[in-house]
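Observations on chain architecture
Listed below, chain by chain, are the residues.
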Amino acid sequence: MFKSLYIETPLYKSTPLSTLFGKTIFLKMENLQPSGSFKLRGISRLCQEEIAKGKKHLVSSSGGNAGFTAAYVGRLLSEKVTVFVPKSTPIFAINKIQSEGATVIVKGEVWDEAHHAALAFAKETDGAYIHPFDHPTIWSGYATMIAELTKQMDKPGAVVVSVGGGGLLCGVIEGLQKYGWSDVPVIGVETEGAASLAATIKAGKLVTLEKVNTIAVTLGTKAVTSKVLEWLPKHRIIPLTVSDKAAVHASRLFVDDHRMLVEPACGAALSVIYDKAEVLKKFDNIVVIVCGGIGISVDMLLEYENRLGVGAQHAAP
Ligand SMILES: *Cc1c(COP(=O)(O)O)cnc(C)c1O
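Residues numbered from 1 in each chain as written. Predicted model: local features only at pLDDT ≥ 70, side-chain atom pairs only at ≥ 80, totals over all residues. Heavy atoms only, no water.

Below, the discussion takes up unusual backbone geometry. Leaving glycine aside, a negative phi is the common case for residues, and trans is the common case for peptide bonds. Phi at S78 is positive, roughly 55°, even though this residue is not glycine. Residue position: S78 is located in the loop between helix 3 (65-77) and strand 4 (80-85). Here the phi dihedral of R259 falls at roughly 60°; this positive angle occurs in a residue that is not glycine. Positionally, R259 belongs in the loop between helix 10 (244-258) and helix 11 (264-274). (Helix = DSSP H or I, 4+ residues; strand = E, 2+ residues; numbered from the N terminus.)

Take the pattern of salt bridges next. Throughout the structure, instances matching the rule amount to 14 salt bridges. Put simply, E303 and R307 hold a salt bridge, and the shortest N to O gap is 2.8 Å. Residue E303 and its partner R307 are both found in helix 12 (residues 298-308); the two are separated by 4 residues, about one turn of the helix. For R307, a relative accessible area of 52% translates into the label exposed. (Salt bridge = Lys/Arg side-chain N within 4 Å of Asp/Glu carboxyl O. Buried < 20%, exposed > 50% of the residue type's maximum accessible area, 1.4 Å probe, protein only.)

Take the packing of helix 6 (residues 136-152) against helix 7 (residues 167-178) next. At a closest axis distance of 7 Å, the pairing of helix 6 and helix 7 adopts a crossing angle of 55°. It follows from the interaxial angle that helix 6 and helix 7 lie oblique. Seen along the crossing, helix 6 lies across helix 7 with a hand that is right-handed. Contacts from W139, S140, Y142, A143, M145 and I146 of helix 6 reach helix 7 at G167, L168, C170, G171, V172, E174, G175 and L176. Across the contact of helix 6 with helix 7, the residue classes tally to 9 nonpolar, 4 polar and 1 charged. (Axes fitted to C-alpha atoms, helices over the stretch in contact; angles between N-to-C directions. Parallel < 35°, antiparallel > 145°, perpendicular 65-115°, else oblique. Left-handed = near helix turned anticlockwise from the far one by under 90°. Contact = heavy atoms within 4.5 Å. Nonpolar A, V, L, I, M, F, W, Y, C, P; charged D, E, K, R; others polar.)

Mapped onto the elements of the fold, S44 is located in helix 2 (residues 39-52). Along the sequence, S44 and T69 sit 25 residues apart, while their C-alpha atoms lie 7.9 Å from each other. Discounting chain neighbours no more than four positions away, the residues touching S44 are L5, Y6, K39 and V73. Among the polar contacts made by the side chain of S44, one reaches the main-chain carbonyl oxygen of L40 at a distance of 2.5 Å. (Polar contact = N/O pair within 3.5 Å; in protein donor to acceptor, adjacent residues only side chain to side chain.)

Right, here's the structure in full:
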């Protein structure tokens, strides 16, 4: 029904990470999507669904990968795209979004404000609002990742994902449920300054953080989607919180181990392997979703390393 604008990504059996962790570690290489992250699987679907409904204009509210991906999809489908971004968005990211032909409007201090402005604009102009994480079509798009996995490997012991708004988490769970792997636990990794999933699971109800503060800006969402609460009684979700330093360090080690540059948001998920998280030790054949991200350059990574005092070495055993 829809054009597949995303690619089937490879699954690596990682020698460096398996050797380090002492169990087999698989990497689902979503960083290789042409828009730089897994977002393409969900957002390309939602955009096409809205266009099929007659919408002539796509509106996004993210200065990160969701906005960039909407811009990328708009260019492929020759649709007009407007992206509202908060003032905190680096000029680097704005330039990338504009390079895909989208109009960027800077609005609000934080994402929530850009989100409200984008919603209002979409309503006024009869455009389609493309939410960055909270939509069933986006989750179903992400579930295709698991459909691919079932062809690439036997049942994994656990799947590790980064969590911002929880869209990726919900999509992975939907896929695991749909393809007969409903007993495979999902490890949801956040950074300390944006741990809304951990807070929500602990409270047993949706928790909205007062503020977020993390280098992994892609994970900086005050609250996860309420869909997470629906999955909680039905699927095993293990929340893990890591430091910014651990996330940056993992991004750095990954450059050397696999020669690929990923955002600290992705480094967060990788860090639970690099730092040998205790709760993971009972699992084997662990899949890490390498979510990727365009919001990183060599200079930015070096600056983060300097700021946090991170070196290139693996931690002492
Ligand atoms: C969007 C994104 C996340 C977080 O995904 P959510 O669906 O918001 O939880 C993590 N990493 C990268 C690279 C992303 O683009």
